[in-house]
Amino acid sequence: MKSTDLCLSSGGAEIVLATSSDEKYPPENIIDGSSETFWTTTGMFPQEFIISFHKYVKISKITIQCYLVRHLRIEKSLSKDPVDFEECTEKDLQYTEGVLQTEEFFLPEFQATYLRFIIKSAFDHFVSVHTVMAEGEAENI
């Protein structure tokens, strides 16, 4: 089966939780496939969002495009509900003024029904998350 971006709303992915929301920059912008749109936090850290796949998926690579994120943790869950998360990776990100951060995480292939992204700290009071891509394939259940 062909590897595809599993984090697209057009493919069935959904944001089921975000710790902050601004009607001009909603969390759904993270999974619309465009780096021109984004979700913005409303201050205070940590901030997080959870993506649901509504099915089992196999993931081998995660890419995030964001701005002003200092420390990021990514977790996975195989549960029917968004609970029982386990750490996939955690990293301090590099920041360059005026440049979108693009971080790729090459991981041992794993299964998930949910991904949780926890922004533990930032380079400023607010951050933006433009896109999240998870390369892999849907599982036959």
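Model, not experiment: these values are computed from the prediction. (Residues numbered from 1 in each chain as written. Predicted model: local features only at pLDDT ≥ 70, side-chain atom pairs only at ≥ 80, totals over all residues. Heavy atoms only, no water.)

J.: When you look at the pairing of strand β4 (residues 47-67) in this model, what are you seeing that I'm missing?
T.: Two faces make up the sheet, and in a regular strand the side chains alternate between them. The buried fraction of β4 is high, at 16 of 21 residues. Pairing of strand β2 (residues 14-18) with β4 involves 4 bridges; the strand directions are antiparallel. Among the inter-strand pairings, L17 is bridged to a residue of β4, identified as I50. Strand direction decides the pairing type here: β4 and strand β7 (residues 101-122), joined by 15 bridges, are antiparallel. Opposite I64, over in β7, you have E103 as the bridge partner. With 10 bridges joining them, β4 and strand β8 (residues 128-138) adopt antiparallel strand pairing. Paired with I64 across the strands is V132, a residue of β8. (Buried < 20%, exposed > 50% of the residue type's maximum accessible area, 1.4 Å probe, protein only. Helix = DSSP H or I, 4+ residues; strand = E, 2+ residues; numbered from the N terminus. Pairing = 2+ DSSP bridges.)

J.: How do you make sense of the UniProt feature "domain: F5/8 type C" (unreviewed entry) in the protein chain when you look at a structure like this?
T.: With numbering aligned to this structure, UniProt lists the feature "domain: F5/8 type C" (unreviewed entry) at residues 18-123. End C-alpha to end C-alpha, residues 18-123 measures 20 Å, and it is 0% helix and 58% strand. (UniProt positions renumbered as here; feature names shortened; annotations may be inferred.)

J.: Mind showing me how you'd approach the environment of P27 here?
T.: Following the sequence through the fold, P27 ends up in the loop between β2 and β3 (39-40). In the structure, P27 is positioned 11 residues away from V16 in sequence and 9.3 Å away in space, judged by C-alpha atoms. Not counting chain neighbours up to four residues away, the residues in contact with P27 comprise I15, A18, S21 and W39. (Contact = heavy atoms within 4.5 Å.)

J.: Can you help me understand the packing of aromatic side chains in this one?
T.: Under the defined criterion, the tally for this structure stands at 5 aromatic pairs. The interplanar angle of 25° and the centroid separation of 5.1 Å between the aromatic rings of Y95 and F123 together place this pair among those described as stacked. You can see Y95 sitting in the loop between β6 (86-92) and β7 and its partner F123 sitting in the loop between β7 and β8, a full 28 residues away along the chain. A relative accessible area of 27% places Y95 in the partly exposed class. By the ring-pair criterion, three or more aromatic residues cluster together here, those being W39, F49 and F117. (Phe/Tyr/Trp six-rings, centres within 6.5 Å; stacked < 30°, edge-to-face > 60°.)

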